Amino acid sequence: MTNVEVGLELPEIKVNFKRSDLVQYAGASGDFNIIHWNERTALAVGLPGVIAHGMLTMGQAINVVTRWAGSPANIVDYSVRFTRPVVVPDDDNGVEVVFNAKVSAVNEDGTIKIDINAVFDGKTVLGKAFAIVRL
Amino acid sequence: MALNLESVGRSFTSDRTYLVGREKVREFARAVGETADVCHDLAAAKAAGFSDLVAPTTFSIAITLEIMGDAATSPEVGLNWSRVVHGDQRFKFERPIVAGDELTVMTTIEEIKAIAGNHMITLRGDVFASDKSLIAQVWTGLVERGEAA
């Protein structure tokens, strides 16, 4: 890993989000907010439909980095802004979210800054998303 | 009830402890698609120098969101949870969380600001091991939507 340079692109990951994935994440995380599984409630509060947990998108996005770096133990800092919801329909196909990442800095202390991009329906859903990695 | 601006800088200790379970680590890893060996395979985790399975990067949200939410919705702070949208999130690690850790969380109200009729509150959770060493710091930014004008 001595030749990591700014601009290096990490392998892209495409993830399919279905309603069942939202239910699975709700159980694993303990976040049972109704807007992540009940269409009636989601519409009533002004959402376009059931939306994925922002934290599910954040949790999936870091896999672009951990698969390249080795494991979550390599992550020293990770932050995102939630800018758009991922709307997940009640069907068998789900929706696709595409995650990309690129090295944006190699720091003097040996850590590497990696910018992360998450795209759903042609638009980014995370803003200012980056991880600091120690290999 | 409105957010209490004077709560900025206040810290809230919780007497709850959270024991990180090995199967919970696996369950969370499956839910977020984390396939690293050290999150699933005990032998691999030990071979990599860890005492047990390594928790996925965002795992601590399963602990902190509720504890930090309890602090933010206390009468002293006054956050209305039913009007909250998750704005931003950060995790900073001193070391990875591993199964077997017994965690406690101290919540600090870092900032409250008004933006276009909404309020943004930034909470910091300091996550400690049972020996009181700091493992991670977790920042959660919540937007409290204002009442419709």
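Residues numbered from 1 in each chain as written. Chains lettered and ligands numbered in written order. Predicted model: local features only at pLDDT ≥ 70, side-chain atom pairs only at ≥ 80, totals over all residues.

> Explain the overall build of chain B to me, using residue names and the numbers behind them.
Within chain B, the secondary structure is distributed over three helices and six strands. Counting from the amino terminus, helix and strand elements in chain B follow one another as β-β-α-α-α-β-β-β-β. Residue burial in chain B is summarised as follows: out of 149 residues, 39% are buried. Of the contacts formed within chain B by residues at least 6 apart in sequence, a portion of 71% connects residues at least 24 apart. (Helix = DSSP H or I, 4+ residues; strand = E, 2+ residues; numbered from the N terminus. Buried ≥ 20, exposed ≤ 12 C-beta atoms within 10 Å, placed from the backbone. Contact = placed C-beta atoms within 7 Å.)

> An account of the pairing of strand β4 (residues 102-115) of chain B is needed here, citing residue identities and associated values.
Residue and element names in this part refer to chain B. Judged from the three bridges that link them, strand β1 (residues 11-13) and β4 form a sheet pairing that is antiparallel. In the strand pairing of β4, F12 is matched with T107. For strand β2 (residues 18-19) and β4, the ladder comprises two bridges, and the chain directions are antiparallel. When the sheet's bridge partners are listed, L19 is paired in β4 with E102. Across eleven bridges, β4 lies against strand β5 (residues 118-128) in antiparallel orientation. Its bridge partner being in β5, I115 is matched across the sheet by N118. Here β4 folds back onto β5, and the loop between the two strands holds two residues, one of which, A116, carries a positive phi near 50°. (Pairing = 2+ DSSP bridges.)

> Describe unusual backbone geometry, and please don't skip the residues or the numbers.
Residue and element names in this part refer to chain A. Of note in this structure, K128 is not a glycine but carries a positive phi near 45°. Inspection of the secondary structure puts K128 in strand β6 (residues 126-133). We classify K128 as exposed; it has 11 C-beta atoms within 10 Å.

> Can you tell me about helix α3 (residues 54-61) of chain A, naming the residues and giving the values?
Counting buried residues along α3(A), eight of its eight residues qualify, which places the element largely inside the surrounding structure. Along α3(A), the residues classified as buried are G54(A), M55(A), L56(A), T57(A), M58(A), G59(A), Q60(A) and A61(A).

> How would you summarise the interface of chain B and chain A if you had to cite specific residues and measurements?
Each partner contributes to the interface: chain B provides 27 residues, whereas chain A provides 27 residues. When contributions to the side of chain B that touches chain A are tallied by element, the ones reaching two or more residues are α1 (22-32), α3 (61-72) and β3 (84-93) of chain B. The biggest single contributor to the side of chain B that touches chain A is β3(B), with eight residues. Grouping the constituent residues of the side of chain B that touches chain A by class yields 15 nonpolar, six polar and six charged. Bridging between strand β2 (residues 75-82) of chain A and β3(B) involves five bridges; their strand directions are antiparallel. The residue bridging S79(A) from the neighbouring strand is R90(B), located in β3(B). (Nonpolar A, V, L, I, M, F, W, Y, C, P; charged D, E, K, R; others polar.)

> Mind laying out the environment of A55(B), listing which residues take part and the relevant values?
Mapped onto the elements of the fold, A55(B) is located in the loop between α2 (42-47) and α3. With 26 C-beta atoms counted inside 10 Å, the residue A55(B) sits in the buried group. When the C-alpha positions of A55(B) and G146(B) are compared, they lie 36 Å apart, and in sequence the two are 91 residues distant. In this view, A55(B) contacts P72(A), V20(B), V25(B), P96(B), I97(B) and V98(B); residues no more than four positions away in its chain are not counted.

> So what's going on with the nonpolar core? Which residues, and what values?
Counting 82 residues, the largest nonpolar core has A61(A), V65(A), I116(A), A118(A), A131(A) and V25(B) as its most contacted members. Looking at which element gives the most residues to this core, the answer is α3(B), with eight residues. Discounting chain neighbours no more than four positions away, the residues touching I116(A) are A61(A), V64(A), V65(A), F99(A), A101(A), L126(A), A129(A), F130(A) and A131(A). (Core = buried A, V, L, I, M, F, W, Y, C linked by C-beta atoms within 7 Å.)

> Can you break down α3(B) residue by residue, with the values?
Across the twelve residues that make up α3(B), a large majority, nine, are buried. Within α3(B), burial applies to I61(B), A62(B), I63(B), T64(B), L65(B), I67(B), M68(B), A71(B) and A72(B).

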